[in-house]
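Observations on the model geometry
The chain contents come next:
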Amino acid sequence: MKINGKWMLALHSILLVYAASSVCSKLAASHAVGSIPFFLLYGGVLFCLGIYAIGWQQVIKHLPLTTAYANKAVTVVWGMVLGALLFQEHISLRQLAGAAVIIAGVLLFTAADGEEAQA
């Protein structure tokens with residue numbers, strides 16, 4: 001199966017939505033349990049997870065399953081980016097190194113998987 005750039009973009013978009021569910025969860029934790037903002041934010045979690053589930057099913061129809069699962073590791077990187085942007089969380093050098101290893105591994109695996117698909 002040939003790896004299509006459009007579906008890779010779709011995959012990373014839904015992985016970003018999946019990481020956004022954690023943002024909603026973290027925001028909900030700052031509100032009183034049972035309050036309206038708490039329920040709205042947890043509704044956001046469920047909405048994000050629903051979009052992710054539907055999107056994931058569509059993506060795996062068009063990409064090799066091994067490629068899709070290998071790219072799920074990038075969710076950690078998206079989480080770091082969202083944490084830094086939305087919560088001003090500090091990203092350490094160790095975290096940056098870990099993100100680089102994840103991205104390098106995913107790129108290497110995807111390239112190898114793409115070469116196998118063409119052979």
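Residues numbered from 1 in each chain as written. Predicted model: local features only at pLDDT ≥ 70, side-chain atom pairs only at ≥ 80, totals over all residues. Heavy atoms only, no water.

**Some details on the packing of aromatic side chains**
For the structure on display, the rule yields five aromatic pairs. With a centroid separation of 4.6 Å and 40° between ring planes, the pair formed by Tyr 18 and Tyr 52 is classed as tilted. In this pair, Tyr 18 sits in helix H1 (residues 5-28) while Tyr 52 sits in helix H2 (residues 36-62), placing the two residues 34 residues apart along the sequence. Of the residues examined, Tyr 18 reaches a relative accessible area of 33% and is grouped as partly exposed. Measuring from ring centre to ring centre gives 5.6 Å for Phe 38 and Phe 39, while their planes differ by 80°; the resulting arrangement is edge-to-face. Under the relative-accessibility criterion, Phe 39 is labelled exposed at 53%. One aromatic cluster is present, built from ring pairs that chain together Tyr 18, Tyr 52, Trp 56 and Tyr 69. Across from the ring centre of Phe 87, 4.7 Å away, lies the NZ or CZ of Lys 26, which sits over that ring. (Phe/Tyr/Trp six-rings, centres within 6.5 Å; stacked < 30°, edge-to-face > 60°. Helix = DSSP H or I, 4+ residues; strand = E, 2+ residues; numbered from the N terminus. Buried < 20%, exposed > 50% of the residue type's maximum accessible area, 1.4 Å probe, protein only. Lys NZ or Arg CZ within 6 Å of the ring centre and 35° of its normal.)

**A look at the side chain of Thr 110**
Structurally, the position occupied by Thr 110 is in helix H5 (residues 93-118). For Thr 110, a relative accessible area of 13% gives the class buried. Setting aside its immediate chain neighbours within four residues, Thr 110 contacts Ile 3, Met 8, Thr 67 and Asn 71. (Contact = heavy atoms within 4.5 Å.)

**A word on the confidence of the model for the chain**
Residues at a pLDDT of 70 or more form 92% of the chain, whose mean pLDDT is 91. Mean pLDDT across the secondary structure elements of the chain bottoms out at H5, with 86, and peaks at H2, with 96. (pLDDT = per-residue confidence, 0-100.)

**Quick word on H2**
Taking 1.5 Å of rise per residue, 27 residues should cover 39 Å, and H2 covers 39 Å from first to last C-alpha, within 8% of that figure. All buried positions along H2 are accounted for by Phe 38, Leu 41, Gly 44, Val 45, Cys 48, Tyr 52, Gly 55, Trp 56 and Val 59. Those residues of H2 that are buried are in contact with H1 and helix H3 (65-71). (Expected span 1.5 Å × (residues − 1).)

**Focus on the packing of H1 against helix H4 (residues 74-87)**
Look at H1 against H4: their axes get within 9 Å of each other, and the N-to-C directions meet at 50°. Taken together, H1 and H4 sit at an angle that is classed as oblique. Crossing hand, H1 versus H4: right-handed. Along its contact with H1, which presents His 12, Leu 15, Leu 16, Tyr 18, Ala 19, Ala 20, Val 23, Lys 26 and Leu 27, the element H4 presents Val 74, Thr 75, Trp 78, Gly 79, Leu 82, Leu 86 and Phe 87. Among the residues forming the contact of H1 with H4, the class breakdown is twelve nonpolar, three polar and one charged. (Axes fitted to C-alpha atoms, helices over the stretch in contact; angles between N-to-C directions. Parallel < 35°, antiparallel > 145°, perpendicular 65-115°, else oblique. Left-handed = near helix turned anticlockwise from the far one by under 90°. Nonpolar A, V, L, I, M, F, W, Y, C, P; charged D, E, K, R; others polar.)

**Regarding H1**
The end-to-end C-alpha separation of H1 is 35 Å, in line with the 34 Å expected for 24 residues at 1.5 Å each. Among the residues of H1, those classed as buried are Trp 7, Met 8, Leu 11, His 12, Ile 14, Leu 15, Ala 19, Ser 21, Val 23, Cys 24 and Ala 28. The N-terminus of H1 is capped by Asn 4, whose side-chain oxygen sits 2.8 Å from the backbone nitrogen of Lys 6. (Polar contact = N/O pair within 3.5 Å; in protein donor to acceptor, adjacent residues only side chain to side chain.)

**A few points about the pattern of salt bridges**
Going through the model one piece at a time under the given rule, you end up with one salt bridge. Across the salt bridge formed by Lys 26 and Glu 89, the nearest N and O atoms sit 2.3 Å from each other. Here Lys 26 is found in helix H1, whereas its partner Glu 89 is found in the loop between H4 and H5, with 63 residues between them in sequence. Given a relative accessible area of 36%, Glu 89 falls into the partly exposed group. (Salt bridge = Lys/Arg side-chain N within 4 Å of Asp/Glu carboxyl O.)

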